[in-house]
Amino acid sequence: MSETSIDEYAHLGAVAKEYVQCSIEQRIDYIRSPHWIGYPKAKDIIAKLDDLLTYPKRHRMPNLLIIGESNSGKTMIAERFVKMHPAYEREDNDGIVIPVLSIQAPPVPSESRLYSNILDKMFAPYRPSDSTEKKQFQVIRLVQACNVQMLIIDEIHSILAGNLEKQRVFLSVLRNLGNELKIPIVGLGIKDALRAMKTDPQLDNRFKPVLLPQWEYSTDYRRLLASFESVLPLKKASKLSKKTIALKLLSMSEGLLGELSELLSEAAIKAIETEKECIDLDILNSLEWLSPTLRRSV
Ligand SMILES: Nc1ncnc2c1ncn2[C@@H]1O[C@H](COP(=O)(O)OP(=O)(O)O)[C@@H](O)[C@H]1O
Ligand SMILES: [Mg+2]
């Protein structure tokens, strides 16, 4: 490759620059693989999580509730945070340290299933038929032994899948778990999760909500598009942050990060297949794309 042809790819980041020279299949695989973009709100939430992780231990630990529409990037933030604080072997080889433990909420507010999910995540042997007390004892012992400093519970709005009494009991279990372990609990969920938390006033006070909003037309949004452009290995610049195309992408994705990412992947693949090598309005119009609202209504 000559210097000039490399310069042609100035719109790309270092990895995409390498991929742009690969086969079509490799480029498409790369487009479909997940890419992390550190947009300001995500960085903000990660900084909040970092603060919580180093928070001095006390009986009433502060908790955090990350609220956003489905497909807005909540799980990806949690995964990123876990990756930043991976499990490691103790220096004395005496077991493993898991700084951040991330689990899914059970689909119904069940104490026993909450413990099962934690034990599964820690590869702990147990019998599903074990009593709730036994599982609770095992969870507390293991979480302490592995020096877990934060528990993340994704899809926490699942609490609402039970009647009010079950919700109330489940929330008091969360509260006691946090108190007993003296670690912050971070919940991730859709808006309804806020409503669920209100069922337990004592817990509600301690779950500080942070909102992961949908995208609007702004400088940050246009920067986000420029970042997406830099990871999509296309040979020509698409200039996604220009007003017309940026607005088109916003309306097609309805400001949801997951939709935007999916839409851009499909458009980039089409740009490769048609040898157009950039994303423009024609490519976007040629996609069989249903906006999230339309998709929900069919
Ligand atoms: N920081 C990010 N950078 C790039 N793409 C992202 C990012 N966060 C989310 N996405 C895209 O959005 C999709 C949905 O994100 P996810 O975290 O699963 O949303 P939620 O948990 O809110 O439903 C992901 O599969 C990914 O394609
Ligand atoms: Mg999720």
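Attention in this report is confined to the structure presented alongside it. Since the structure is predicted, the reported quantities are computational estimates derived from the model, not experimental observations. (Residues numbered from 1 in each chain as written. Chains lettered and ligands numbered in written order. Predicted model: local features only at pLDDT ≥ 70, side-chain atom pairs only at ≥ 80, totals over all residues. Heavy atoms only, no water.)

## So, the pattern of salt bridges
Pairing is possible between side chains of opposite charge, provided their charged atoms come close.
Part 1 of the reasoning: If you walk through the whole model with that rule in mind, you get 13 salt bridges.
Part 2 of the reasoning: The shortest N-O distance in the salt bridge between Asp130 and Arg127 comes to 3.6 Å.
Part 3 of the reasoning: On the basis of relative accessibility, which here comes to 11%, the residue Asp130 falls in the buried class.
Part 4 of the reasoning: A relative accessible area of 53% means that Arg127 is categorised as exposed.
Part 5 of the reasoning: For Lys134, the salt bridge is made with Asp130, and the minimal N-O distance between the two is 3.9 Å.
Part 6 of the reasoning: Classification of Lys134 as partly exposed rests on a relative accessible area of 44%. (Salt bridge = Lys/Arg side-chain N within 4 Å of Asp/Glu carboxyl O. Buried < 20%, exposed > 50% of the residue type's maximum accessible area, 1.4 Å probe, protein only.)

## Looking at the nonpolar core
Part 1 of the reasoning: Met150, Val186, Leu249, Leu264, Ile279 and Leu284 are the most contacted members of the largest nonpolar core, which has 49 residues in total.
Part 2 of the reasoning: With nine residues, helix α13 (residues 257–273) is the largest single contributor of residues to this core.
Part 3 of the reasoning: Looking at this core, you find at least three residues from each of domain 1 (3–33 + 217–297) and domain 2 (40–211).
Part 4 of the reasoning: When near neighbours in sequence (up to four residues on either side) are disregarded, Leu249 contacts Tyr221, Leu225, Leu240, Leu260, Leu263, Leu264 and Leu284.
Part 5 of the reasoning: One finds Ile98, Ile140, Leu181 and Ala196 within the second-largest nonpolar core, a separate group that totals 35 residues. (Core = buried A, V, L, I, M, F, W, Y, C linked by side-chain atoms within 4.5 Å. Helix = DSSP H or I, 4+ residues; strand = E, 2+ residues; numbered from the N terminus. Domains from an automatic or database assignment. Contact = heavy atoms within 4.5 Å.)

## Some thoughts on the site of ligand 1
Part 1 of the reasoning: Surveying the vicinity of ligand 1 reveals 15 residues, the closest of which are Ile37, Asn71, Lys74, Thr75 and Met76.
Part 2 of the reasoning: Here an oxygen atom of ligand 1 sits 2.7 Å away from a polar atom, N or O, in the main chain of Asn71.
Part 3 of the reasoning: In this structure, an oxygen atom belonging to ligand 1 sits 3.0 Å away from a side-chain N or O atom of Ser261.
Part 4 of the reasoning: Summarising the interface, the protein chains cover 80% of the accessible area of ligand 1, which totals 560 Å² for the free molecule. (Near = heavy atom within 4 Å. Polar contact = N/O pair within 3.5 Å; in protein donor to acceptor, adjacent residues only side chain to side chain. Areas by Shrake-Rupley, 256 points an atom, 1.4 Å probe, with all protein chains shown as cover.)

## Re the pairing of strand β4 (residues 100–104)
Part 1 of the reasoning: The buried count for β4 comes to four of five residues, which makes it a mostly enclosed element.
Part 2 of the reasoning: Pairing analysis gives five bridges linking β4 to strand β5 (residues 150–154), with the strands arranged parallel. Paired with Gln104 across the two strands is Asp154, which belongs to β5. (Pairing = 2+ DSSP bridges.)

## Things to note about the pairing of β5
Part 1 of the reasoning: The buried fraction of β5 is high, at five of five residues.
Part 2 of the reasoning: Neither face of β5 is exposed, since Met150, Ile152 and Asp154 on one face and Leu151 and Ile153 on the opposite face are all buried.
Part 3 of the reasoning: Note: β5 against strand β6 (residues 185–189), three bridges, orientation parallel. In the sheet register, Leu151 faces β6, and the bridge partner there is Ile185.
Part 4 of the reasoning: Chirality of the crossover, the property in question, places the unit of β5, helix α8 (residues 164–181) and β6 among those that are right-handed. (Right-handed = clockwise from strand over helix to strand, strands pointing away.)

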